[in-house]
Amino acid sequence: MMMLKNLKRIKPWEIALTALVMALPLVPVKGGYSLVQRAHAAEARKIDTSRLVSVGGDVTEIIYALGEENRLIARDSTSTYPEAAAKLPDVGYMRALSPEGILAVNPTAIIAVDGSGPPEALAVLRNASVPFETMPQSYDRDGILKKIDVVGSLLGVHDKAKALEDKVAADLDAAIADSEKRPQAERKRVLFILSNQNGKILASGSNTAAEGIIKLAGGINAVSNFSGYKPLTDEAIIKANPDVILIIDREGPLSMKDDDLLKQPAISLTPAASHKAIVRMDGLHLLGFGPRTASAVRELNAAIYGG
């Protein structure tokens, strides 16, 4: 009964954010970004993008950053920035899309991050003859710039995309350069915890958005012996020996209080607990890998090291 009450208190956007993190592809597409060629080909086919549905917070941010938000008629639940995006119809979160709900808004095209689904829903959408473009994920500087190029090509706004790429690249390069000034021996170990339910710590391993942003900010991912997000044993937490714990700043039953984390037997033995070093950040800002990532790099670096 208590579990049922907790579930009722969970907000839809919290479920969507957790689902987004868990659903993010673990490994970048091999061989570069063939979707760039596909996007150019899409433009050559003159896809009508006047009524566009965007699935993925990073995709939606890019569309707004390009000044092409007038094309958007709906978005998914992970698209929470900018604030204006929240006023658009919500077609659900990326891993549980409803084809009926999307088709009901009468889109001329759909663009979604890789990992959207379920596959059955995507099959229905493709069979409905609605152009459906997918966006691969790569948790690094070049991946962000490629995403901007792909969206710009799909929308046929090359000049705007090039200008945004240049601006974002310069900002990223400056932020990363600042992070890289810190000597390797002084870099701190950061443990990203996605959730702490019933005493089970679900943490980030390698090939994740969390690891990507930690590295860009000049930190060391404390757990790298597995890919994706997995529960950690007490022994694994002690071995990880984090200097800092990084979590998503949110409310409700999925939130994590500092005291509750620090009381965890294994965490209490870490340097992070000794210094009460817990960093909270907005989930989409931290893990979105979109136009605002340079800002996230600076914010995380300052939170880890001070300044």
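Residues numbered from 1 in each chain as written. Predicted model: local features only at pLDDT ≥ 70, side-chain atom pairs only at ≥ 80, totals over all residues. Heavy atoms only, no water.

Caption draft 1: Fine view of the confidence of the model for the protein. Looking at the protein, pLDDT values average 88 and 84% of them are 70 or higher. Here residues 1-8 is a poorly scored stretch, pLDDT under 50, and it has 1 contact once near neighbours within four places are set aside; other chains count. Of the regions scoring below 50 in pLDDT, residues 25-34 engages in 19 contacts with residues more than four places distant in sequence or in other chains. (pLDDT = per-residue confidence, 0-100. Contact = heavy atoms within 4.5 Å.)

Caption draft 2: Molecular detail of the pattern of salt bridges. Taken as a whole and assessed by the stated rule, the structure comprises 12 salt bridges. Across the salt bridge formed by Arg 292 and Glu 61, the nearest N and O atoms sit 2.9 Å from each other. Of this pair, Arg 292 sits in the loop between helix H13 (283-287) and helix H14 (293-305) while Glu 61 sits in helix H4 (residues 57-65); the two residues are 231 residues apart in sequence, bridging distant segments of the chain. The class for Arg 292 is partly exposed, based on a relative accessible area of 22%. For Glu 61, a relative accessible area of 7% gives the class buried. The partner of Glu 211 in a salt bridge is Lys 215, with the nearest N and O atoms 3.9 Å apart. Remark: Lys 215 and Glu 211 occur in helix H9 (residues 209-216); sequence separation between them is 4 residues, near one turn of the helix. Taking the relative accessible area as the measure of exposure, Glu 211 reaches 8% and is therefore buried. When salt bridges that share partners are traced, they join Glu 68, Arg 71 and Lys 160 into one network. (Salt bridge = Lys/Arg side-chain N within 4 Å of Asp/Glu carboxyl O. Helix = DSSP H or I, 4+ residues; strand = E, 2+ residues; numbered from the N terminus. Buried < 20%, exposed > 50% of the residue type's maximum accessible area, 1.4 Å probe, protein only.)

Caption draft 3: Molecular detail of H14. End to end, H14 covers 18 Å across 13 residues, agreeing with the expected 18 Å (1.5 Å per residue, within 8%). Residues of H14 that are buried include every one of Thr 293, Ala 294, Ala 296, Val 297, Leu 300, Asn 301, Ile 304 and Tyr 305, and no others. Each buried residue of H14 lies within a common arc of 155 degrees when the element is viewed along its axis, so the set occupies one face. Backbone geometry just downstream of H14 places Gly 306 in the positive-phi region, at approximately 85 degrees. (Expected span 1.5 Å × (residues − 1). Arc of directions from axis to C-beta.)

Caption draft 4: View of unusual backbone geometry. Cis geometry marks the peptide bond from Tyr 81 to Pro 82, where omega comes out at 0 degrees. For Pro 82, the location among the structural elements is in the loop between strand S2 (72-75) and helix H5 (99-104). Between Gly 117 and Pro 118 the backbone carries a cis peptide bond, its omega angle lying at 5 degrees. Mapped onto the secondary structure, Pro 118 falls in the loop between strand S3 (109-113) and helix H6 (119-127). Notably, Phe 289 is not glycine yet its phi reads approximately 50 degrees, a positive angle. Mapped onto the elements of the fold, Phe 289 is located in the loop between H13 and H14.

Caption draft 5: The pairing of S2, seen in detail. By the bridge criterion, 3 bridges tie strand S1 (residues 52-55) to S2 in an arrangement that is parallel. Within S2, the position partnered with Val 53 by the bridge is Ala 74. For the handedness criterion, the β-α-β arrangement of S1, H4 and S2 is classed as right-handed. (Pairing = 2+ DSSP bridges. Right-handed = clockwise from strand over helix to strand, strands pointing away.)

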